[in-house]
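Commentary on secondary and tertiary structure
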Amino acid sequence: MTDTNICHADSASANELFKRLTMEERDRFFSALRDPASDIAQSLLASTELDQPLQAPWWELPDVPSNDQKATAVRYGHMPPLLEVPQGVIKWDPASPPLLYNICAILLAYAYATRHFSMSRLASPGNDPQDQREARRLIARAVPFIADRRSRVLHITLSDAVTNIWSRLDLGSTQHSTMAILLKDVFHLLRLRKVVVTEDLPDADAPQPALVLDHPRGCALMALSDLTVLFEGDTAEGCKQRAGNHVTMKIMYYAGHLLAVPSSILDAVADEAFSRSSSFSKK
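Quick look at the structure, then.

Criteria and thresholds
Residues numbered from 1 in each chain as written. Predicted model: local features only at pLDDT ≥ 70, side-chain atom pairs only at ≥ 80, totals over all residues. Heavy atoms only, no water. Buried < 20%, exposed > 50% of the residue type's maximum accessible area, 1.4 Å probe, protein only. Helix = DSSP H or I, 4+ residues; strand = E, 2+ residues; numbered from the N terminus. Arc of directions from axis to C-beta. Contact = heavy atoms within 4.5 Å. Core = buried A, V, L, I, M, F, W, Y, C linked by side-chain atoms within 4.5 Å. Expected span 1.5 Å × (residues − 1). Polar contact = N/O pair within 3.5 Å; in protein donor to acceptor, adjacent residues only side chain to side chain. Phe/Tyr/Trp six-rings, centres within 6.5 Å; stacked < 30°, edge-to-face > 60°. Axes fitted to C-alpha atoms, helices over the stretch in contact; angles between N-to-C directions. Left-handed = near helix turned anticlockwise from the far one by under 90°. Nonpolar A, V, L, I, M, F, W, Y, C, P; charged D, E, K, R; others polar. Salt bridge = Lys/Arg side-chain N within 4 Å of Asp/Glu carboxyl O.

1. Observations regarding helix α9 (residues 158–168)
- For α9, every residue scored as buried is listed here: Leu158, Ala161, Val162, Ile165 and Trp166. The buried residues of α9 all sit within an arc of 130° when viewed along its axis, so they share a single face. With respect to the buried face of α9, the exposed residues turned more than 90 degrees away are Thr163 and Ser167.
- In this structure, the buried side of α9 is in contact with α6 (100–117), α7 (129–142), α10 (176–190) and α13 (263–281).

In structure tokens form, the structure reads like this:
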């Protein structure tokens, strides 16, 4: 590194420097922060720039009392609010091709964007609008079947989804640990929460109950809700009311499929993502 670059790095803010890190470097950074006794955590706790918005993904927030969370320097993002899913799209047809691997691809892109931009949640009003525009562009490139009105892309295996995402996000030059991290994210987002609720779908004419954050499929639904709000921000300026576009309509369609798919199938796909994550970690 030249003297000029060193001076430039010295003058850059902590947030600017963080954006230059690779995903693997960011993950090691947050892993170190989770240990309050580590040198990185101690340095940040004493730093005057501790208020910089460096955020770990919201789905990694540990289930510990709030007073215990003060012992770590990690700042976790806020869980996205759940949006209502139209009753008409909550359908499951065993004879139709499953869409879960398309959902896996969407969640891979969502996790990548969340980590790449250190924005959790992506649609938070406090985020940099330029970063949000870039996040929309990145996700639309990674999973074009939600951006292209006429796309009929159907991933029939998890390997198919991973290979496609890998090529579109240009991950070929990075370590396999990148995909291991993202697949583990998909596992955490997709796995069923162990809560006791009924999954019986109401009659078509019956009012749909409001979704709650402890819904057994809450994490994946929150991710899709976050994406919906993010892409709603891509509508014309000056529109004061929420206006759905073809992207948000497609995301809601996938949310309906997620709500309707049998739990046993969802569990199997989540376990497959975890297994593939472990395989990439060993490469």
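2. Some details on the nonpolar core
- Membership of the largest hydrophobic core comes to 69 residues, with the highest contact counts inside it found for Ile139, Ile146, Leu190 and Leu227.
- Taken together, the elements giving at least two residues each to this core come down to α6, α7, α8 (144–147), α9, α10, α11 (218–232), α12 (246–260) and α13.
- Here the element with the most residues in this core is α6; it accounts for 14 residues.
- Each residue touching Ile139, except ones within four places of it in the same chain, is listed here: Ala109, Ala113, Leu122, Ile146, Leu227, Leu230 and Phe231.

3. What about α12?
- The terminal C-alpha atoms of α12, which comprises 15 residues, lie 21 Å apart, in line with the 21 Å expected from a rise of 1.5 Å per residue.
- Within α12, twelve of the 15 residues are buried, leaving the element largely enclosed by the surrounding structure.
- Buried residues of α12: Val247, Thr248, Lys250, Ile251, Met252, Tyr254, Ala255, Gly256, His257, Leu258, Leu259 and Ala260, and no others.
- The backbone nitrogen of Val247 lies 3.0 Å from a side-chain oxygen of the residue at the head of α12, namely Asn245.

4. Section: the packing of aromatic side chains
- Scanning the model with the defined rule gives six aromatic pairs in all.
- Summarising the aromatic geometry, the rings of Trp58 and Trp59 are spaced 5.4 Å apart at their centres and angled 85° between planes, so their arrangement reads as edge-to-face.
- Taking 5.9 Å as the distance between ring centres and 40° as the angle between the ring planes, the aromatic pair formed by Trp59 and Tyr110 counts as tilted. Remark: Tyr110 occurs in helix α6 and Trp59 occurs in the loop between α4 (39–45) and α5 (66–69); sequence separation between them is 51 residues.

5. Comments concerning unusual backbone geometry
- Residue Arg121 is reached from Ser120 by a cis peptide bond, and omega for that bond is 15°.
- Position of Arg121 among the secondary structure elements: in the loop between α6 and α7.
- The phi dihedral of Ser118 falls on the positive side, at around 50°, and the residue is not glycine.

6. Focus: the packing of α6 against α10
- As a packed pair, α6 and α10 sit with axes 9 Å apart at the nearest point and diverge in direction by 115°. Considering how the two elements wind past one another, α6 and α10 form a crossing that is right-handed. The residues of α10 that touch α6, namely those facing Ile103, Cys104, Leu107, Leu108, Tyr110, Ala111, Tyr112 and Arg115, are Met179, Ile181, Leu182, Leu183, Asp185, Val186, Leu189 and Leu190.
- Of the residues belonging to the contact of α6 with α10, the class tally is 14 nonpolar, no polar and two charged.

7. Quick word on the pattern of salt bridges
- For the structure shown, the criterion picks out three salt bridges.
- Of the charged contacts in the structure, one is a salt bridge between Glu60 and Arg115, with a shortest N-O distance of 2.6 Å. A residue pair is termed long-range when its members are at least 10 positions apart, and Glu60 in the loop between α4 and α5 and Arg115 in helix α6 qualify at 55 residues.
- Judged by its relative accessible area of 22%, Glu60 is partly exposed.
- Glu134 is the salt-bridge partner of Arg137, the closest N and O atoms lying 2.9 Å from each other. With Arg137 and Glu134 both in helix α7, this residue pair falls three residues apart, about one helical turn.
- Residue class for Arg137 comes out partly exposed when judged on its relative accessible area of 41%.
- Here the residues in one salt-bridge network are Glu60, Arg115 and Asp185, joined through shared partners.

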